[in-house]
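Now for the letters of each chain:
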Amino acid sequence: MAIQAAVVGVGQSERFRTRIKASIAGLVREAALNALEDAGCSWDDIDAVILGKAPDFFEGHLMPELYLAEALGCIGKPMLRVHTAGSVGGSTACVAASYVQSGQFERILTVTYEKQSESNAMWALSSKQPFNPHLNAGAGGFFAPIIREYMRRTKAPEDVGCKVAYKDRMHALKNPHAHVQEEPNLEEYLASPMLWEPLRFSEVCPSSDGACAMVISNEDLAKKSPNPPAWIAGTSMRSEPTMYPWREEVNPRAGNDCAKDVYKQAGITNPLKEIDMAEVYVPFSWYEPMWAENLFFAEEGEGWKLVLEGTTSRDEGGSCPWNVSGGVMSSNPIGASGMIRFAEAALQVRGMAEDRQVDGCKTALGHAFGGGAQFFATWIVKSDKP
Amino acid sequence: MREVAVISYAQTPKVRDAGAKNDVELVMEAVHGALGNAGITNKDIDFTCSGSCDYLGGAAFAFVSAVDALGAVPSIAESHVEMDAAWAMYEAWMKIQMGHIDTALIYGFGKSSHCEMRNIPTLQMDPYYYQPLWPDTVSIAALQARALLESGKYTEEDFAKVVVNSRKNAKNNPNAQLSGDYTVEQLLAEPTFVSPLRKHDCCPVTDGAAAIVLATREKAEAWCKRPAWITGIDHRIDAHNLGTRDLTVSESAKLAAEKAGVKKGKVDIAELYAPFSHQELILKEAMGLDDSTVINPSGGTLAGHVFMSCGLDRIGEVADRIISGEADRGVAHASSGPCLQQNLVTVLEG
Amino acid sequence: MSEENAAKEPVEGFESPVNLKYSFAAGRATAKFLREIKQGRIVGQRSSITGKVIVPPRGSDPETGTATVEEVVLPDVGTVISFTICHLPIPNNPIMPPFIIANIVLDESDQTFIHLVSECNNEDIQIGTRLKAKWKDSSEWGLSMENIQYFVPLDEAPIDIEELKQKRLKETEKYRNA
């Protein structure tokens, strides 16, 4: 049986933005210092640092853990760098948790970031390769056909995507860290231009700079921590190839397997009932109903009904709000986006989510995915020690 | 602590140019080799972890296509570090310590032949102050070599001896890229390349992949006659800013070696990830190794350097010699960053 | 701006371009595919384990992680598995939006690839639409998928892709060797 570990500190950029005026070191340090403050500890109390971020191409900077050794107070300590595509923020949290759950470390710092303004992410994802037709139209171009197939199969009404986007951006108004903080207008969302049909501009996440950090400790130190801990009741990572013959892309098997694994560890049999809120990686709004099915919150083909019934909306008093932080739809510093999901889930069960707090939240899900919806990471955090 | 052993290791030949083979084809060769040596299949693996670098291939997500080599349908528990695969092994070892899994497959790969290998590590440097100056990897190492000579601790002859030893040992390694009989005089007669380094002081550009299998006691003993038990493992990092470090020593290698317990017993063999000859001298001293230890019996990094799996290769080369009974206790070292900034030390025992 | 003020002006960024040259190796399987497509032939590879056909082949059968060897000559006719109408330009590609990018599965094969669809109205295409390749003039053929300029809808009724999948799975069973 693994040793108990808990999140005792969470830190984020003051606000995610298109461009944060700081060096990469300054960016990660802000989040790290906020996490240390929450945990009531200093650099000296940290045994190791686990860094995560999406492709080095995004900033044109190779193996940034080397350059960040000083900024993250890591000299003479172990430093690891995780990279699992878009799921990296979540995977990094899982790996960081394992440092404590293995019994090898008492208290670690984990940090993720992206500084998209330092390079051109669209270009980084679309570099011309000589052997394939050069048609990589960014992530939206990849996911739009999958979303179209979801719409075909489920006959979901066309406005579901805009309703999710509207809901998430309403949520974001209560999160001071959120990048997009503009009162949404559903009419305008429904009329917004198509980028990659059937995906509209309003249904697509922004591009952000930002960092997120957490301090994770063992049980002894968690109990001595100044603020309530979020106990890590389960972590899981699952992967499958980008393409294989007749791959199920709408409801990928790897996502199902990842959910089943984490629910089993956390003793969850009915996620919709037993999970009080979820922070799920939804970079294109249609992925909320798709992941609702993939994560077993809804029967296959019926995820969109949860959206229309308001079940995932905090503002409509839904029973299981999703992405009350505003989600990826409101802030997307790619490498950090997954960890922000995990950290927001932790804040909720710690009762520290301020204006966006879900009342009585005791069990929360953090979720991230990446690549061609093929890499998945999840964790379940609880306010009570498992 | 759970007992974990390396039970299998496979590598592709350390060639200058793997030609038409792509990453997936190289990884398949290494992964099938490692599983095959242990007489197991991918279904016996609980967790897979890899190390690779996007900049070698000139496109984001190099590791994504490598998943095509694993047979990951249905899905597998898997992770990746953008580091040498030795750190991927560390992540897997940690996961085994958690108690959820018993076996792990670790692989690393790199095809350096088709990129400007000398300039890629430049992108590791501080992006505001150093990277725009484009100091290449050999020049940075040469700064360290110069500092070492100026310290009076070693001479260019000592550098050459390291190379003589590597080339000689590599004669017994069918996978080595560079091997042969040389004398110190011969090597010192060569012109300098980036002073004070000569070409033979620098590791070659190499294409390849490597894979190992880890297992806990019950499975290790079922699948391997003489598993190479990991009795210590630790990694540490130094400051990045070269100006704040004494480049003639490696504090992080010293600390990692202490924490891993290198000195708790006799060290029969050591495989050191020293891409430049003088770095072997720094590492030997930092890790407290003396002449009773055979250094780099495979020829080491100077005989073949697969960027991103060279550290895993060091672990594999030590493990293979323990599995075969050639050695009882060995130390494997991995490094990352300019002038040995980050170091990982593994102690393996029969 | 006076020198004094210039000194006070904060430096918020500077350009530091990265130029690196690469020489790519396609891989053995892809190289073979490219040599064939230079002759106007589409040649996939069959997994010896699952019996399914992958095109363009990339050296391995991703389902089983084994090398693919057996070659299968394929027709240049296929089916739209899904598609997007792209309203944004692609970096480093002169093609002007809007354009249709489809995930296409060729007849007698089992894995999709993406390509352009043209010579049609946007409304003419749906999931299940049948397509045929429109090749460039053979004088322009090189080692590239772009020898096919784009795909064009066939004058056939769209088919049910779920039925197509089941039909293929049954068909490939004959070649299975698990």
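1. Focus on the overall build of chain A
Line of reasoning, step 1. Along the backbone of chain A there are twelve helices and eleven strands.
Line of reasoning, step 2. Based on the C-alpha atoms only, the size of chain A along its principal axes is roughly 55 × 50 × 40 Å.
Line of reasoning, step 3. Put simply, chain A has 386 residues, and 71% of those count as buried.
Line of reasoning, step 4. Roughly 11600 Å² of accessible area belongs to chain A as shown, and the carbon and sulfur atoms make up 48% of that amount.
Line of reasoning, step 5. One way to put it: in chain A the 36 positive side-chain charges average out to a point 2 Å from where the 48 negative ones average out.

2. What to know about the sheet that holds strand β1 (residues 42-46) of chain C
All names here are of chain C.
Line of reasoning, step 1. Strands sit in the order β2-β1-β5 across an open sheet of three strands; the sheet is antiparallel. Strand pairing shows two members of the sheet lacking a second neighbour, β2 (53-54) and β5 (70-74), which therefore form its edges.
Line of reasoning, step 2. In this structure, β1 lies alongside β2, joined through two bridges in antiparallel fashion. The residue bridging Q45 from the neighbouring strand is I54, located in β2.

3. Here we look at the packing of aromatic side chains
Line of reasoning, step 1. With the rule as written, the count across this model stands at 24 aromatic pairs over all chains.
Line of reasoning, step 2. In this structure, B:R217 is placed above the aromatic ring of B:W229, and the distance from its NZ or CZ to the ring centre is 4.3 Å.
Line of reasoning, step 3. Its guanidinium or amino end placed over the ring of C:Y175, C:R46 lies 3.5 Å from that ring's centre, counting from NZ or CZ.

4. A word on empty space enclosed by the protein
All names here are of chain B.
Line of reasoning, step 1. Per the counting criterion, the structure on display carries four cavities of 30 Å³ or more.
Line of reasoning, step 2. The volume enclosed by the largest cavity comes to roughly 50 Å³.
Line of reasoning, step 3. Lining of the largest cavity is provided by Q11, K14, N173, A176, S298, G300, A303, G304, D313, R314 and E317.
Line of reasoning, step 4. Top element by residues in the lining of the largest cavity is helix α11 (residues 310-323). It accounts for three residues.
Line of reasoning, step 5. Classifying every residue of the lining of the largest cavity by side-chain character gives two nonpolar, five polar and four charged.

5. Brief notes about the packing of helix α4 (residues 138-154) of chain A against helix α10 (residues 287-294) of chain A
All names here are of chain A.
Line of reasoning, step 1. Two elements in contact, α4 and α10, have axes separated by 11 Å at closest approach and are oriented at 70°. For the element pair α4 / α10, the angle class is roughly perpendicular. Along this stretch, α4 crosses α10, giving a crossing that reads as left-handed. Counted together, F143, I146, I147, Y150 and T154 of α4 and Y287, P289, M290 and E293 of α10 form the full contact between these two elements.
Line of reasoning, step 2. Looking at the contact of α4 with α10, its residues break down into seven nonpolar, one polar and one charged.

6. Concerning the pairing of strand β7 (residues 209-218) of chain A
Every regular strand shows the same layout, with side chains that alternate between the two sheet faces.
All names here are of chain A.
Line of reasoning, step 1. Summarising burial for β7: ten of the ten residues are buried, a large majority.
Line of reasoning, step 2. Here β7 shows a buried face lined by D209, A211, A213, V215 and S217 and a second buried face lined by G210, C212, M214, I216 and N218.
Line of reasoning, step 3. Bridge analysis of strand β1 (residues 5-12) against β7 gives seven bridges, and the strand direction is antiparallel. Opposite A6, over in β7, you have S217 as the bridge partner.
Line of reasoning, step 4. Of the pairings in the sheet, the one linking strand β4 (residues 107-115) to β7 comprises nine bridges and is antiparallel in character. The residue of β7 that forms the bridge with T110 is M214.

7. Digging into the interface of chain C and chain A
Line of reasoning, step 1. Contact residues are listed per partner, giving 44 residues for chain C and 32 residues for chain A.
Line of reasoning, step 2. Together chain C and chain A conceal approximately 3500 Å² of surface at their shared face, both sides included; 64% is due to carbon and sulfur atoms.
Line of reasoning, step 3. The largest per-residue losses of area from chain C upon contact with chain A belong to C:E12, C:F24 and C:P91, which jointly make up 14% of the total buried on that side.
Line of reasoning, step 4. Between chain C and chain A we count one salt bridge in total.
Line of reasoning, step 5. Note that A:K21 is salt-bridged to C:E12, the shortest N-O span being 3.3 Å.
Line of reasoning, step 6. Between the two partners, chain C and chain A, sit nine residue pairs in polar contact (both at pLDDT 80 or more).
Line of reasoning, step 7. Listing elements by their share of the side of chain C that touches chain A, those giving two or more residues are α2 (28-37), β6 (77-86), β7 (99-106), β8 (113-117) and α3 (161-173) of chain C.
Line of reasoning, step 8. When residues in the side of chain C that touches chain A are grouped by element, the largest group, six residues, is from β6(C).

8. Remarks on the interface of chain A and chain B
Line of reasoning, step 1. The interface is formed by 54 residues belonging to chain A together with 60 residues belonging to chain B.
Line of reasoning, step 2. Buried surface at the junction of chain A and chain B, summed over both partners, amounts to about 4700 Å²; 63% is from carbon and sulfur atoms.
Line of reasoning, step 3. It is A:F57, A:L62 and A:L66 in chain A that bury the most area against chain B; as a group they hold 15% of the surface buried on that side.
Line of reasoning, step 4. Scanning the region where chain A abuts chain B turns up zero salt bridges.
Line of reasoning, step 5. Across the chain A-chain B interface, the total number found is 17 residue pairs in polar contact (both at pLDDT 80 or more).

9. Examining the domain arrangement of chain B
Residue and element names in this part refer to chain B.
Line of reasoning, step 1. We note that the domain assignment places domain 1 (4-117 + 205-228) and domain 2 (138-202 + 230-349) within chain B.
Line of reasoning, step 2. Between the C-alpha centres of domain 1 and domain 2 there is a distance of 22 Å.
Line of reasoning, step 3. Taken together, the contacts link 45 residues of domain 1 with 36 residues of domain 2.
Line of reasoning, step 4. Taken together, the two surfaces of domain 1 and domain 2 that pack against each other cover about 3100 Å², and 64% of this comes from carbon and sulfur.
Line of reasoning, step 5. Broken down residue by residue, the surface that domain 1 buries against domain 2 is led by K14, W87 and R226, which jointly contribute 24%.
Line of reasoning, step 6. Scanning the region where domain 1 abuts domain 2 turns up two salt bridges.
Line of reasoning, step 7. D313 serves as the salt-bridge partner of K14, at 3.2 Å between the closest nitrogen and oxygen.
Line of reasoning, step 8. For the side of domain 1 that touches domain 2, the secondary-structure elements that each account for two or more residues are β1 (4-11), α4 (85-98), β4 (103-111) and β7 (207-216).
Line of reasoning, step 9. Partitioning the side of domain 1 that touches domain 2 into residue classes produces 29 nonpolar, ten polar and six charged.

10. Some remarks on the nonpolar core
Line of reasoning, step 1. By size, the foremost hydrophobic cluster in this structure holds 194 residues, and its most contacted members are A:F297 and B:L214.
Line of reasoning, step 2. Filtering out sequence-adjacent residues up to four positions away, A:F297 remains in contact with A:Y263, A:P271, A:L272, A:I275, A:A278, A:A292, A:L306, A:C320, A:W322 and A:L365.
Line of reasoning, step 3. Within the second largest apolar cluster, 40 residues are counted, among which are B:V163, B:L187, B:A257 and B:A286.

11. Looking at unusual backbone geometry
Line of reasoning, step 1. With an omega of 5°, the peptide bond between B:S195 and B:P196 qualifies as cis.
Line of reasoning, step 2. Position of B:P196 relative to the elements: it lies in the loop between β5 (192-194) and β6 (197-198).
Line of reasoning, step 3. A cis amide bond, omega -10°, links C:V55 with the succeeding residue C:P56.
Line of reasoning, step 4. Mapped onto the elements, C:P56 comes out in the loop between β2 and β3 (60-61).
Line of reasoning, step 5. Of note, B:L340 is a non-glycine position whose phi angle comes to about 55°, a positive value.

12. Some points on the pattern of salt bridges
Line of reasoning, step 1. Under the defined criterion, the tally for this structure stands at 53 salt bridges over all chains.
Line of reasoning, step 2. In the salt-bridge network here, residues are joined through shared partners; they are A:E149, A:R152, A:R153 and A:E248.

13. Some remarks on the environment of A:L109
Residues and elements named next belong to chain A.
Line of reasoning, step 1. When you line up the elements, L109 lands in strand β4.
Line of reasoning, step 2. As a C-alpha pair, L109 and A213 span 104 residues in sequence and 7.1 Å in three-dimensional space.
Line of reasoning, step 3. Every residue in contact with L109, bar those within four places of it in the chain, is listed here: A32, W43, I46, A48, V49, I50, A213, M214 and V215.

14. Section: the pairing of strand β11 (residues 375-382) of chain A
Residues and elements named next belong to chain A.
Line of reasoning, step 1. In terms of residue burial, β11 counts as a mostly covered element, since eight of its eight residues are buried.
Line of reasoning, step 2. Alternating residues of β11 divide into F375, A377, W379 and V381 and F376, T378, I380 and K382, and every residue in both groups is buried.
Line of reasoning, step 3. Note: strand β8 (residues 230-239) against β11, eight bridges, orientation antiparallel. When the sheet's bridge partners are listed, S236 is paired in β11 with T378.
Line of reasoning, step 4. Pairing between strand β10 (residues 363-370) and β11: eight bridges, direction antiparallel. Bridged to A364 within β11 is V381.

Conventions used here
- Residues numbered from 1 in each chain as written.
- Chains lettered and ligands numbered in written order.
- Predicted model: local features only at pLDDT ≥ 70, side-chain atom pairs only at ≥ 80, totals over all residues.
- Heavy atoms only, no water.
- Helix = DSSP H or I, 4+ residues; strand = E, 2+ residues; numbered from the N terminus.
- Buried < 20%, exposed > 50% of the residue type's maximum accessible area, 1.4 Å probe, protein only.
- Areas by Shrake-Rupley, 256 points an atom, 1.4 Å probe, with all protein chains shown as cover.
- Lys, Arg positive; Asp, Glu negative; His and termini not counted.
- Charge placed at Lys NZ, Arg CZ, Asp CG, Glu CD.
- Pairing = 2+ DSSP bridges.
- Phe/Tyr/Trp six-rings, centres within 6.5 Å; stacked < 30°, edge-to-face > 60°.
- Lys NZ or Arg CZ within 6 Å of the ring centre and 35° of its normal.
- 1 Å grid on protein atoms, 1.4 Å probe; cavity = no way out; pocket = protein on both sides within 12 Å on 5 of 7 lines; lining within 4 Å.
- Points joined across faces, edges and corners; volume = space filled by probe spheres on them.
- Nonpolar A, V, L, I, M, F, W, Y, C, P; charged D, E, K, R; others polar.
- Axes fitted to C-alpha atoms, helices over the stretch in contact; angles between N-to-C directions.
- Parallel < 35°, antiparallel > 145°, perpendicular 65-115°, else oblique.
- Left-handed = near helix turned anticlockwise from the far one by under 90°.
- Contact = heavy atoms within 4.5 Å.
- Buried area = accessible area lost by both parts, 1.4 Å probe.
- Salt bridge = Lys/Arg side-chain N within 4 Å of Asp/Glu carboxyl O.
- Polar contact = N/O pair within 3.5 Å; in protein donor to acceptor, adjacent residues only side chain to side chain.
- Domains from an automatic or database assignment.
- Core = buried A, V, L, I, M, F, W, Y, C linked by side-chain atoms within 4.5 Å.

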